[in-house]
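# Reading the structure
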Amino acid sequence: MDPSLTALIVAVVGVAGTLVSGVMAHRGALRAKTVELDRAERLRREELLADERREALAARRASYAVFNQRLRQFHSVLSKDYFALAAGEARPGQGREREETRQGLRDVYAEAQMVISDDVLTVAGGVVHQLHRIHALLGRHERGEAADESLEDVRERLERASEGLYEVRQAMRRDLGVSALPITRPDGYGAV
């Protein structure tokens, strides 16, 4: 082989190698930049999801606090009215107070239904329904209308609703991740 041809081939291979190495370096830089941008986007999405989860938890926590309070207030008013009615000491205006408390619970429950978990909603819905039923029965007894349940039945409903309040509270606490206690009240819990 002619030395000038060999030199020419070596020069062509050298130039081609130089050009190819530049292209390869550029492609490698682009690939690294793409990986870095993908990683940054993934981190940004993860941060947004974490922020959304924190906001949802804060909204649930606030809703649970108000909802739990209103449930207990309504139960307390119903209990007070039951005991007054059972003792024959029904007072004027107690039906109005009971209705105001019921409406307050209704409004809070409507808001809570948009943020609370399905597990809590299932338990809470049963208790809310039970409390509304007690409200209706007490109204009938106060007005002297025929009620399909006696005052003793109303007392039993109030006791079951009290158990339900515990279950709702525990379901809420479990959903928030702050309790590992059972959803149903253990035997003897709260006994004096």
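Preceding block: the structure.
First things first, this report covers the structure right here in the doc. All of these numbers come straight from a predicted model, not from anything done at the bench.

### Side note on the packing of aromatic side chains
Going through the model one piece at a time under the given rule, you end up with two aromatic pairs. Consider the rings of F67 and Y109, whose centres lie 5.4 Å apart with planes at 15 degrees: the pair is stacked. Of this pair, F67 sits in helix α1 (residues 3-86) while Y109 sits in helix α2 (residues 94-112), and the two are 42 residues apart along the sequence. Taken as a pair, F67 and Y109 share a single burial class, namely buried. Ring centres of Y82 and F83 lie 5.1 Å apart, and the angle between their planes is 65 degrees; on these two criteria the pair is classed as edge-to-face.

### Re the packing of α1 against α2
It is at 9 Å that the axes of α1 and α2 come closest, and there the two elements cross at 160 degrees. When the axis of α1 is compared with that of α2, the two are roughly antiparallel. Note on packing geometry: the crossing formed by α1 with α2 is left-handed. Along the contact surface, α1 presents S63, V66, F67, R70, L71, Q73, F74, V77, L78, K80, D81 and A84, while α2 presents Q94, E97, R98, T101, R102, G104, L105, V108, Y109 and A112. Its residues placed into classes, the contact of α1 with α2 shows eleven nonpolar, five polar and six charged.

What counts, and at which threshold
- Residues numbered from 1 in each chain as written.
- Predicted model: local features only at pLDDT ≥ 70, side-chain atom pairs only at ≥ 80, totals over all residues.
- Heavy atoms only, no water.
- Phe/Tyr/Trp six-rings, centres within 6.5 Å; stacked < 30°, edge-to-face > 60°.
- Helix = DSSP H or I, 4+ residues; strand = E, 2+ residues; numbered from the N terminus.
- Buried < 20%, exposed > 50% of the residue type's maximum accessible area, 1.4 Å probe, protein only.
- Axes fitted to C-alpha atoms, helices over the stretch in contact; angles between N-to-C directions.
- Parallel < 35°, antiparallel > 145°, perpendicular 65-115°, else oblique.
- Left-handed = near helix turned anticlockwise from the far one by under 90°.
- Contact = heavy atoms within 4.5 Å.
- Nonpolar A, V, L, I, M, F, W, Y, C, P; charged D, E, K, R; others polar.

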